[in-house]
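Here are the chains, one letter per residue:
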Amino acid sequence: MSATRGRLTTGVVVVLGLFFAFPALFLAAESVRLGGDLVATVASPAVLGPLAASLLLASTCALAAMALGTGLAVLVARTDVRGREALRVALALPLVVPSFVGATAWLAATGPGGLVPFLPRPQGFTGAAVVLTLLTYPYVYLVVLARLRMVPRSHEEAARLLGASPVRTVLTVLLPQLRPATAAGGLLVFLYVLSDFGAVALLRYDTITRALYASRLLDRTTSVTLGLFLAVLAVGVALAARSAAAVPAGPRPARPPADMHLGRLRTLVTLVPVAVVLLALVAPVAVLALWAARGSVTTGVGWSGFGDPLGFLVAPALGSVAASVAAAVAAVVLVLPLAVASVRRPGPVTRVVGAVVTSTFALPGLLVALALVFFVLQAPGPLAGLYQTFPLLVLGYVLHFGAQALRASQTAVAAVPVRLGEAARTLGAGPTRRLVSVDLPLVLPGLVAGGGLVLLSTLKELPATALLAPTGFETLATRIFFAAQDGFFAEVGITSLVLLAMSAVLTWLLVLRPELRAPTGGAGAGPGEDGADPEAVGAPGADRASGAPATTGGGAVP
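The paragraphs below set out a description of the structure included in this document.

For the rest of this paragraph, the subject is the overall build of the protein. Per the secondary structure count, the protein includes 23 helices and 2 strands. The buried share of the protein, reckoned over its 558 residues, is 53%. Taking the intrachain contacts of the protein between residues at least 6 apart in sequence as the baseline, contacts between residues at least 24 apart amount to 82%. Split by element, the accessible area of the protein, about 22,600 Å² in all, is 68% carbon and sulfur.

What follows concerns the side chain of E461. For E461, the position within the fold is in the loop between α18 (431-460) and α19 (463-468). Apart from residues lying up to four places away in sequence, E461 is in contact with G365, Y397, H400, F401 and A477.

Here we come to a nonpolar patch on the surface. On the surface, L435, V436, L440, L444 and V448 cluster together into a nonpolar patch covering about 440 Å² of accessible area. For L440, a relative accessible area of 35% gives the class partly exposed.

The next point concerns the side chain of T79. With respect to the helices and strands, T79 occurs in the loop between α3 (45-78) and α4 (84-90). Of note is the side chain of T79, whose polar atom sits 2.5 Å from the backbone oxygen of L75.

A few words on the packing of α3 against helix α8 (residues 166-195). The contact between α3 and α8 brings their axes to 8 Å, and the two run at 140 degrees. As the angle between them shows, α3 and α8 are arranged oblique. For the pair α3 and α8, the sense of crossing is right-handed. Between α3, through S54, L55, L57, A58, S59, C61, A62, A65, M66, T70, V74 and R78, and α8, the contact on the second element is made entirely by V170, L174, L175, L178, T182, A183, G186, V189, F190, V193 and L194. Looking at the contact of α3 with α8 residue by residue, the classes come out as 17 nonpolar, 5 polar and 1 charged.

Each value, and the rule that gives it
- Residues numbered from 1 in each chain as written.
- Predicted model: local features only at pLDDT ≥ 70, side-chain atom pairs only at ≥ 80, totals over all residues.
- Heavy atoms only, no water.
- Helix = DSSP H or I, 4+ residues; strand = E, 2+ residues; numbered from the N terminus.
- Buried < 20%, exposed > 50% of the residue type's maximum accessible area, 1.4 Å probe, protein only.
- Contact = heavy atoms within 4.5 Å.
- Areas by Shrake-Rupley, 256 points an atom, 1.4 Å probe, with all protein chains shown as cover.
- Patch = residues over 30% accessible without salt bridge, like charges linked within 9 Å, V, L, I, M, F, W, Y side chains within 5 Å.
- Salt bridge = Lys/Arg side-chain N within 4 Å of Asp/Glu carboxyl O.
- Polar contact = N/O pair within 3.5 Å; in protein donor to acceptor, adjacent residues only side chain to side chain.
- Axes fitted to C-alpha atoms, helices over the stretch in contact; angles between N-to-C directions.
- Parallel < 35°, antiparallel > 145°, perpendicular 65-115°, else oblique.
- Left-handed = near helix turned anticlockwise from the far one by under 90°.
- Nonpolar A, V, L, I, M, F, W, Y, C, P; charged D, E, K, R; others polar.

Any functional reading would require information that these geometric values do not contain.
Following this line, the structure appears as structure tokens:
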């Protein structure tokens, strides 16, 4: 590569870094310009309460998810619990349920007018903690499950030969080896709950994201200063999660070990994961389906049950598809030069810019949207006209989810042998021909996978869509949220089922199938035999927590 091309590449990479750093930089600059006092803002009674509530909820959900996710992973990977292969898949499926959809389902199922009216509606701290824990434990579960495949069973077998009971073996031998993965998953849940807006808003729990959303245009100084504080907190947690997940790969199992036999408790213990699947997945989907079938009790308002026209779903479905596809294509095209540079010409600049891109993913979508809104509202000339336009909405998605496309693109580029390009150059092929005939066909599947991850995340994104979408533009996510706020549960049911179906297909293809097809650690279950790179298998928590998608054998946690 010539010096000129090298400088040009570095320049492009630096510009990309500044582009993705824009939300955080703008919030910092705006806070200084407005004279925001970070300490005074955070310490004010109007902010301190919601902030403390956010931290309490995030900590509670993280601890609960760590216990639940780790326990379930150990059960299906190390014991002879009944139906463990089916449970292994089913326990990961709550990933397809967006938090605001799960919260809506529980609201529609309980309380006066609900399907189970004698049960109180989940509201406040307890309701939010239970609902969010049930929907976020898979982040810990998948990370620990991947780690379990690399933990040698010889230590457990030795402990049992020395007379340790299965419970003592798990507590004293297995869990210490899982601690980094458990911590990484827990920090990931903490970050997720901290940035959640839809579920806490519906469950009426006053967190910092609700305060930010409510004061976004009324008190700009407080919003910007608070957003900057939340951004620093989110990036700090993401870096901590990345550090916590930097676990070494375990040696490859030498032979298939025996599972821990539960004996007479086998059936009783099986009820635990079954109950979790029922509460986290089956119940919400069943409630949504029942409400969709039942229809609205108010004639002429919302969905009136099967047989009613579904025309009202066309606009939000098309809006979701259009915004998601546009964001996916734009994100892949934008990060591809950085992916190529970081693989073919790695250096301090590409590493720093890569970290900037992944850190931007760690920011709550609400903050990214807030930075864009404040910028265009005070921007001169034609930039001011971008407020509440489709390009600005897509730009917000690209900034927030670009890290997902970057990691997949890096993997795809790294898989192309350099010698193929050299051979083509030797045969007289120019750069354009080499790109079209050699590189592009080989990296295209990886780019499509990266774009698919962006598409999946965009489908479920709520706060950024609510802030940036043009007037009258609807997506399935915004339709569900506002219908739930109005109490149109039948309409919420049919719309959520459509969104869940779209998310389920993408989640299965991009995340669960690559992750769960890996063996649990029996014969041939070593890191090298399932074709997955050991560090990639151990990386889900690290990558996801730091903002990048977690890749496991080609898949990724959204």
